[in-house]
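What the coordinates show
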Amino acid sequence: MEIERKFLIDPDQLPFPLTDLPSHHIEQGYLCTEPVVRIRREDNDYILTYKSKGLMIREEYNLPLTQEAYVHLRTKIDGKLIQKRRYLIPAGQGLTVELDVFEGELAPLCLAEVEFPDEDSARSYIPPEWFQNEVTYDPSYHNSSLSK
């Protein structure tokens, strides 16, 4: 189960330099958007993901792919291949902010996602001041929507 909240970010308002943070290069495409079936390359890892419907809470299943399978499936995606750099920011209480800085056609979009262990933690979370508008309940900010 994936329980997460999502926020818009202005990279010029960050209280720290991104160069100080660990990061991963991600590219992902969607074979289907209802339900979501996604392929992803994160650095040198390749993953096939299924996500159920939902906004803050969704079922998620991840399966490993080989590089060859990923390259084959990448030719079959619908829409754009999303490319982004994901920065990992410790947020206290065992939480991590995943800050996605989109590249290509989606630049300069920046989104922060925070995953939670349970629904109560998600609902009681108070975001830091540098977070802007919450878009958790706006499906147009799902990566599957952005790929269209």
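The structure contained in this document is the topic of the report that follows. (Residues numbered from 1 in each chain as written. Predicted model: local features only at pLDDT ≥ 70, side-chain atom pairs only at ≥ 80, totals over all residues. Heavy atoms only, no water.)

**Some remarks on the nonpolar core**
Burial of nonpolar side chains together is a common tendency in soluble globular proteins. Applicable threshold: Note on terminology: a nonpolar core comprises buried Ala, Val, Leu, Ile, Met, Phe, Trp, Tyr and Cys residues joined through side-chain atoms within 4.5 Å. Exposure classes here rest on a 1.4 Å probe applied to the protein chains alone. A residue is buried below 20% of its type maximum, exposed above 50%, and partly exposed in between. A helix here means a DSSP run of H or I that spans at least four residues, while a strand means a run of E at least two residues long, and both kinds are numbered starting from the N terminus.
Ile-9, Val-97, Leu-99, Tyr-125 and Phe-131 are the most contacted members of the largest nonpolar core, which totals 20 residues. At the level of secondary structure, the elements contributing two or more residues to this core comprise strand E1 (2-9), strand E7 (78-90), strand E8 (96-102) and strand E9 (110-115).

**Focus: the packing of aromatic side chains**
The line we're drawing: Centres within 6.5 Å are what make two rings of Phe, Tyr or Trp a pair, Trp counting through its six-membered ring; a difference in plane orientation under 30 degrees is then read as stacked, over 60 as edge-to-face, and the rest as tilted.
All told, the structure shown has 6 aromatic pairs when counted by the stated rule. A ring pair is formed by Phe-7 and Phe-131, whose centres lie 4.8 Å apart and whose planes are at 50°; its orientation type is tilted. Residue Phe-7 is located in strand E1, and its partner Phe-131 is located in strand E10 (residues 131-134); the two are separated by 124 residues in the primary sequence. Overall, the relative accessible area of 1% leaves Phe-7 in the buried class. Judged by centre distance (5.4 Å) and plane angle (90°), the ring pair of Phe-16 and Trp-130 falls under edge-to-face. Of this pair, Phe-16 sits in the loop between E1 and strand E2 (23-33) while Trp-130 sits in the loop between helix H2 (119-124) and E10, and the two are 114 residues apart along the sequence.

**With respect to the pairing of E2**
Keep this limit in mind: DSSP calls a pair of strands paired once it identifies at least 2 bridges connecting them.
Relative to E7, E2 is paired through 7 bridges, and the arrangement is antiparallel. Pairing of His-25 across the sheet is with Arg-85, part of E7. As paired strands, E2 and strand E3 (residues 36-42) are joined by 7 bridges and run antiparallel to one another. Looking across to E3, one finds that Thr-33 is bridged to Val-36. Joining the antiparallel neighbours E2 and E3 is a turn of 2 residues.

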